[in-house]
Amino acid sequence: MATERILLTGATGYVGGTFIDRFVKSEEPILKAITIDALTRTDDVEQKLKETYGDRVNTIRWPGLSDLEFIEQRAANYDIVVNVGSGFFADGAKAFVKGLARRVKPKAPAPWILHISGCTNLGDRPLTGVAHPGRVFDDANSRATYDWCKEEDERRPWPQRTTEIGVLTLADELGVNAVSLNAPAIFGEGTGLFNKQGIIVPVLMRYTVMNGYGFKLNDTANFDWVHVEDLADAYILLVKIILERYDRGIGYIPSGKDGIIHPSVGRVLHTEIFERCLDVCFAEGVLPREDTPKEKKIVLKSLQEITDDVGSGMVDLAELGWAGNKAMTGTVLPRLGWKPRHREEAWAQDFYDELKASREGRRGYVFDSCIGRKA
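Before going into details, it helps to say that this report is about the structure given with it. A quick note: this is a predicted structure, and the numbers were derived from the prediction, not measured.

What follows deals with the layout of surface pockets. What the largest pocket holds in volume is close to 1,300 Å³. Considering the residues around the largest pocket, the lining is formed by 50 residues, among which F88, Q160, G198, I199 and I200 are closest to the centre. If you list the elements that add at least two residues to the lining of the largest pocket, you get α1 (14–25), β2 (35–40), β5 (112–118), β8 (185–187), α8 (200–211), α11 (303–310) and α12 (315–322). Here the lining of the largest pocket gets 6 residues from one element, more than from any other, and that element is α8. Here the residues of the lining of the largest pocket sort into 26 nonpolar, 21 polar and 3 charged. Volume-wise, the second largest pocket comes out at about 260 Å³. Lining the second largest pocket are 13 residues, with S26, E28, D233, I236 and L237 sitting closest to its centre.

So, about the sheet that holds strand β10 (residues 222–227). Adjacent strands of a sheet form backbone hydrogen bonds with each other and so pair up, either parallel or antiparallel. If you walk across this open sheet you meet the 3 strands as β8-β10-β12, and the pairing is mixed. If you trace the sheet from one side to the other, it starts and ends with β8 and β12 (266–269), each paired once. Across this sheet, the average inter-strand angle for adjacent strands is 40 degrees, counted without regard to direction. Direction of pairing for β10 relative to β12: antiparallel, over a ladder of 4 bridges. Directly across from W225, in β12, lies its bridge partner G266. Contacting β8 and β10, helix α9 (residues 228–244) crosses the sheet at an angle of about 70 degrees to β10.

Before going further, it helps to examine the packing of aromatic side chains. Inspection of the entire model under this criterion finds 14 aromatic pairs. Judged by centre distance (5.6 Å) and plane angle (85 degrees), the ring pair of F88 and W158 falls under edge-to-face. Of this pair, F88 sits in the loop between β4 (80–83) and α5 (90–101) while W158 sits in the loop between α6 (142–155) and α7 (159–174), and the two are 70 residues apart along the sequence. Summarising the aromatic geometry, the rings of Y207 and F215 are spaced 4.9 Å apart at their centres and angled 70 degrees between planes, so their arrangement reads as edge-to-face. Taken individually, Y207 and F215 each receive the classification buried, so the pair is uniform in this respect. Through pairs of rings, three or more aromatic residues link up here, namely Y207, Y213, F215, F223, F274 and W322. Above the plane of the ring of W148 lies R135, whose end atom (NZ or CZ) is 4.4 Å from the centre. The ring of F223 carries the charged tip of K326 above its face, separated from the ring centre by 4.1 Å.

As a further point, take the side chain of H342. The topology assignment puts H342 in the loop between α13 (332–336) and α14 (344–359). Not counting residues up to four positions away in its chain, the partners in contact with H342 are F187, W225, H227, E229, D230 and V265.

One can describe the packing of α8 onto helix α10 (residues 270–283) by two numbers: an axis separation of 10 Å at closest approach and a directional angle of 55 degrees. Judged by the angle between their axes, α8 and α10 are oblique. Regarding α8 and α10, the two cross each other, and that crossing is right-handed. In this structure, α8 contributes I200, L204, M205, Y207, T208 and V209 to the contact, and α10 contributes H270, I273, F274, C277, L278 and C281. Classifying every residue of the contact of α8 with α10 gives 10 nonpolar, 2 polar and no charged.

To continue, consider the state of the cysteines. Any covalent bond linking the sulfur atoms of two cysteines counts as a disulfide. On inspection of all chains with the given rule, the structure shows 0 disulfides. The structure places no disulfide on C149, whose sulfur is separated from the nearest cysteine sulfur, that of C119, by 11 Å. Summary of cysteine pairing: C281 is not part of a disulfide, and the nearest cysteine sulfur, belonging to C277, is at 6.5 Å. On the basis of relative accessibility, which here comes to 0%, the residue C281 falls in the buried class.

Here the focus is α11. Side chains that are three or four residues apart share a direction in an α-helix, a result of its 3.6 residues per turn. Listed in full, the buried residues belonging to α11 are L303, I306, T307 and V310. The arc enclosing the buried residues of α11, seen along the axis, measures out at 110 degrees, which places them on a common side. On its buried face, α11 sits against α8, β9 (214–216) and α12. Of the residues one or two after α11, S312 is the one with positive phi, at around 55 degrees.

This part covers the packing of α5 against α7. Two elements in contact, α5 and α7, have axes separated by 9 Å at closest approach and are oriented at 15 degrees. With respect to α7, the element α5 is oriented roughly parallel. Two packed elements cross with a definite hand, and for α5 against α7 that hand is right-handed. Contact with α5, carried on its side by A90, A93, K94, V97, K98 and A101, involves T162, T163, G166, V167, L170, A171 and L174 of α7 and no other residues of that element. The residue inventory of the contact of α5 with α7, partitioned by class, reads 8 nonpolar, 3 polar and 2 charged.

Looking now at the pairing of strand β7 (residues 177–183). Counting buried positions over the 7 residues of β7 gives 7, a clear majority of the element. A two-sided burial pattern is seen for β7, the buried positions comprising N177, V179, L181 and A183 on one face and A178, S180 and N182 on the other. As paired strands, β5 and β7 are joined by 7 bridges and run parallel to one another. Note on β7: the bridge partner recorded for S117 is N182. With 2 bridges joining them, β7 and strand β11 (residues 260–261) adopt parallel strand pairing. Within β11, the residue paired with L181 across the bridge is I261.

What counts and what doesn't
Residues numbered from 1 in each chain as written. Predicted model: local features only at pLDDT ≥ 70, side-chain atom pairs only at ≥ 80, totals over all residues. Heavy atoms only, no water. 1 Å grid on protein atoms, 1.4 Å probe; cavity = no way out; pocket = protein on both sides within 12 Å on 5 of 7 lines; lining within 4 Å. Points joined across faces, edges and corners; volume = space filled by probe spheres on them. Helix = DSSP H or I, 4+ residues; strand = E, 2+ residues; numbered from the N terminus. Nonpolar A, V, L, I, M, F, W, Y, C, P; charged D, E, K, R; others polar. Pairing = 2+ DSSP bridges. Axes fitted to C-alpha atoms, helices over the stretch in contact; angles between N-to-C directions. Contact = heavy atoms within 4.5 Å. Phe/Tyr/Trp six-rings, centres within 6.5 Å; stacked < 30°, edge-to-face > 60°. Buried < 20%, exposed > 50% of the residue type's maximum accessible area, 1.4 Å probe, protein only. Lys NZ or Arg CZ within 6 Å of the ring centre and 35° of its normal. Parallel < 35°, antiparallel > 145°, perpendicular 65-115°, else oblique. Left-handed = near helix turned anticlockwise from the far one by under 90°. Disulfide = S-S within 2.5 Å. Arc of directions from axis to C-beta.

Purely geometric numbers; function is a separate question.
Following this line, the structure appears as structure tokens:
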């Protein structure tokens, strides 16, 4: 089964844009023969992708994840779909699986979907439910992770978890290969053409600059972390394995209900992220100000306060993200040959880079507005 094209969602996103850039610039001979068909929505995006990457990226106009018929029909033309757009739309994600299922044939390797999801799926509920402060999910026993996520989602649904479980379950039922990279906090400057920023460090740095202190909901909340380039490289590695191996990676890359993989490099407490934010802000003279604490402080807040401030109005997001234990251990990707290049030094440097980016207006908000000055 020869593959000349792969289908990609999320071309304008943080991970998807970085994936395109690193894929096209890869020196791997087997990847140089592959064209990325990127789903896009606007003329300007299509023009910029073409100008930058030439015939290595072909753009396909689509209406988005709500058009299930379009997705299913389009996916039916591919052996590999890299779904690194939003992981929160279950029906849209499952439509890719249904489309790929049309290609399943006896005695032929089944197609693959490489999905993206996130660590809030794994969070405990220390404020409104059951706390599991010492729990660590290990992808060496991915089925146990799948089973817990499925049971938890039946108790208290979370859209991103619903999507991940839905993709993996349906793929098993339809004979499609599916793997989900359950990403931790993603950091670093993206190398794509559009969105270049992550979420966790930018959000908490902004909070620190605006308020002059950090916040916590408890003392056990944590995040694992991975650099965006290393995460993109993990997807590229999976594509390379599928293309190179005679078995198309079947039985080698975990799939379906065994297919939740953790691309984790390091781990940090939520309070330790704020400690780094505060250290950088104080060292760079951004803090303290006249209207902020003169010492470095992390203030205990209520769940409702944080839901309103940095939880996008969603209590579940605030608790799972800012209070939950989301610890993960990743052993599968290193076994497959993944060698992340960005480790502790890069993680520490990112806080300086993030503050600099925000001061230069590269983070979607005006820095001066964070400290009460007129833009």
